Every structure is written in structure tokens, then in C-alpha cells.
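Survey of secondary and tertiary structure
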Amino acid sequence: KGGITHDNAEIISALKTLGLNPGATSDDIHAAFRKLARELHPDVTGQKSNQRFQQVTGAYTLLKAIAPEELESLTQNLPEIEERRVGKGVDLGGRR
């Protein structure tokens, strides 16, 4: 919010970190974060999942900083953007 911009690669990466695809809604993001946070929290797993927990928290923080209507607009356009990038040989982490 407040003029912070994120590039499409950051958004795609954050969605994938939460196990989501482009087109995810704010509710999807919140639910995915809560599920992963319960599974990965250091109080549950000890320190073995601490790095992954921090990645999940960072992805959630990035996505929640985007206004819900802006996020939905951005994520609805990401599949088309991603297809163009894949078509140019850009690796997006194994998604086909």
C-alpha cells in the first residue's frame, strides 16, 4: 500500500512459496499462510523449519502489503504474463 510496487516475478515467487498459483485471492493467501504457519512454526518443529517459516512469512507479508483489489487485478493478469515469459525461455521454477 502507499505506492510500493512489486514486479511480477516477486509476486509469482511469493505465491509459489505459499503453494498458490496466479489468480489467488486475498482469502486464498490468508488460508495458505495460516496452514503453512501452523505446520512450520518453530514452536511446533523446533529450529529445523525456521528458514522455510521465514520464507513463508516474508511471502505473506509481501502479498498482504498489496491492496486486495490491486492484488486480484495483478494476479489475474499473471498467467498471461507468465506464459509470455515461459515462451521466451525464462525458467519460473519448474512450472509448465
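Refer to the structure presented above.
The notes below deal with the structure included here. None of the values given here were measured: they were computed from a predicted structure. (Residues numbered from 1 in each chain as written. Predicted model: local features only at pLDDT ≥ 70, side-chain atom pairs only at ≥ 80, totals over all residues. Heavy atoms only, no water.)

Comments concerning the overall build of the protein
The helix and strand inventory of the protein stands at 5 helices and 0 strands. Starting at the N terminus and ending at the C terminus, the protein contains elements arranged as α-α-α-α-α. Here the protein holds 96 residues, and 34% of them are scored as buried. Accessible area for the protein stands at about 6,100 Å²; split by element, carbon and sulfur atoms hold 49% of it. (Helix = DSSP H or I, 4+ residues; strand = E, 2+ residues; numbered from the N terminus. Buried < 20%, exposed > 50% of the residue type's maximum accessible area, 1.4 Å probe, protein only. Areas by Shrake-Rupley, 256 points an atom, 1.4 Å probe, with all protein chains shown as cover.)

Some points on a negative patch on the surface
Taken together, Asp27, Asp28, Glu69, Glu70 and Glu72 make up a surface patch of like negative charges. Of all the secondary structure elements, the ones that give two or more residues to the negative patch are helix 2 (26-40) and helix 5 (68-87). For aspartate 28, a relative accessible area of 35% translates into the label partly exposed. (Patch = residues over 30% accessible without salt bridge, like charges linked within 9 Å, V, L, I, M, F, W, Y side chains within 5 Å. Salt bridge = Lys/Arg side-chain N within 4 Å of Asp/Glu carboxyl O. Lys, Arg positive; Asp, Glu negative; His and termini not counted. Charge placed at Lys NZ, Arg CZ, Asp CG, Glu CD.)

Re the side chain of serine 26
Examined against the element boundaries, serine 26 turns out to sit in helix 2. In contact with serine 26, not counting residues within four places along its chain, are Lys64, Pro68, Leu71 and Glu72. (Contact = heavy atoms within 4.5 Å.)

Considerations on the packing of helix 2 against helix 4 (residues 50-64)
Following both chains from N to C, one finds helix 2 and helix 4 inclined at 160°, their axes separated by 10 Å at the closest point. Classified by the angle between their axes, helix 2 and helix 4 sit roughly antiparallel to one another. The two elements helix 2 and helix 4 cross, and the hand of that crossing is left-handed. Taken together, the residues of helix 4 that come into contact with helix 2 (itself represented by Ser26, Ile29, His30, Phe33, Leu36, Ala37 and Leu40) are Arg52, Phe53, Val56, Thr57, Tyr60, Leu63 and Lys64. Each residue belonging to the contact of helix 2 with helix 4 can be placed in one class, and the counts come to 9 nonpolar, 3 polar and 2 charged. (Axes fitted to C-alpha atoms, helices over the stretch in contact; angles between N-to-C directions. Parallel < 35°, antiparallel > 145°, perpendicular 65-115°, else oblique. Left-handed = near helix turned anticlockwise from the far one by under 90°. Nonpolar A, V, L, I, M, F, W, Y, C, P; charged D, E, K, R; others polar.)

Thoughts on helix 1 (residues 8-17)
All of the buried residues in helix 1 are Ile11, Ile12, Ala14, Leu15 and Thr17. Positive phi appears at glycine 19, one or two residues downstream of helix 1, with a value of about 80°.

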